[in-house]
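# Fold and contact review
Each chain, letter by letter, is given below.
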Amino acid sequence: MIFSENLKNLRRENGIGQRELAKAVFTTVKTVSHWETGYTEPSIKQLIMLADFFEISLDELAGRKQ
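Residues numbered from 1 in each chain as written. Predicted model: local features only at pLDDT ≥ 70, side-chain atom pairs only at ≥ 80, totals over all residues. Heavy atoms only, no water.

### Concerning the packing of helix α1 (residues 3–13) against helix α4 (residues 44–54)
Helix-helix packing is characterised by the crossing angle of the two axes and by the distance between the axes. Here is the rule: Convention adopted: a line fitted to C-alpha atoms gives each axis, helices being fitted over their contacting stretch, and angles between N-to-C directions are expressed from 0 to 180 degrees. Put simply, DSSP marks the helices as runs of H or I at least four residues long and the strands as runs of E at least two long, and each gets a number from the N terminus on. A crossing counts as left-handed when the near helix is turned anticlockwise from the far one by less than a right angle, and as right-handed when that turn is clockwise. In this description, contact between two residues means that some pair of their heavy atoms is separated by no more than 4.5 Å. Three residue categories are used. Nonpolar comprises Ala, Val, Leu, Ile, Met, Phe, Trp, Tyr, Cys and Pro, charged comprises Asp, Glu, Lys and Arg, and polar comprises the others, including Gly.
Running from amino to carboxyl end, α1 crosses α4 at an angle of 35 degrees, the nearest separation of the two axes being 11 Å. Regarding α1 and α4, the two cross each other, and that crossing is left-handed. Mapping the contact onto sequence places F3, L7, L10 and R11 in α1 and L47, L50 and F54 in α4. Looking at side-chain class alone, the contact of α1 with α4 contains 6 nonpolar, no polar and 1 charged residues.

Written as structure tokens, this is what we have:
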């Protein structure tokens, strides 16, 4: 699974809206939307914040199953 799909699935599975996620990682709803469509990708700092928010590893966030 690619990052964009994984992020969207994680957000939906946790019942979180794009606005809430954007606020949690100090970005905009438009940016979260771009990540979820694969238009752009987060910086390493943002990836770490996302992994911390969802309480998962960076590998899991990237879609790499262990």
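### Side note on the nonpolar core
How we decide: Only buried residues count toward a nonpolar core. Its members are Ala, Val, Leu, Ile, Met, Phe, Trp, Tyr and Cys residues joined through side-chain atoms within 4.5 Å. For every residue, the accessible area obtained with a 1.4 Å probe (protein chains only) is divided by the maximum for its type, and the residue is called buried under 20%, exposed over 50%, and partly exposed between those limits.
By size, the foremost hydrophobic cluster in this structure holds 13 residues, and its most contacted members are F3, L7, L21, W35, L50, F54 and L61. When residues of this core are traced back to their parent elements, those giving at least two are α1, α2 (18–24), α3 (29–37) and α4.

### Thoughts on the packing of aromatic side chains
Filter applied, for reference: Only the six-membered ring of Trp is used, alongside the rings of Phe and Tyr, when aromatic pairs are assigned; centres must lie within 6.5 Å, and planes under 30 degrees apart are stacked while those over 60 apart are edge-to-face, with the rest tilted.
All told, the structure shown has 1 aromatic pair when counted by the stated rule. Considering the side-chain rings of F53 and F54, the 5.1 Å spacing of their centres and the 85 degrees angle between planes classify their relative orientation as edge-to-face. For F54, a relative accessible area of 10% gives the class buried.

### Notes on α4
To keep things clear, this is the line we draw: Summarising the geometry, the arc corresponds to the directions from the helix axis toward the C-beta atoms.
Taken together, the buried positions of α4 are occupied by Q46, L50, A51 and F54. Considered in projection along α4, the buried side chains sweep an arc of 140 degrees and stay on one side of the axis. More than 90 degrees from the buried face of α4, the exposed residues found are I44, K45 and D52. On its buried face, α4 sits against α1, α2, α3 and α5 (58–62).

### Focus on unusual backbone geometry
A positive phi is found at F26, a non-glycine position, where the angle reads about 55 degrees. The topology assignment puts F26 in the loop between α2 and α3. Since its relative accessible area comes to 71%, F26 is described here as exposed. Its identity as a non-glycine residue notwithstanding, E55 has a phi of 55 degrees, on the positive side. On the secondary structure map, E55 appears in the loop between α4 and α5. Overall, the relative accessible area of 73% leaves E55 in the exposed class.

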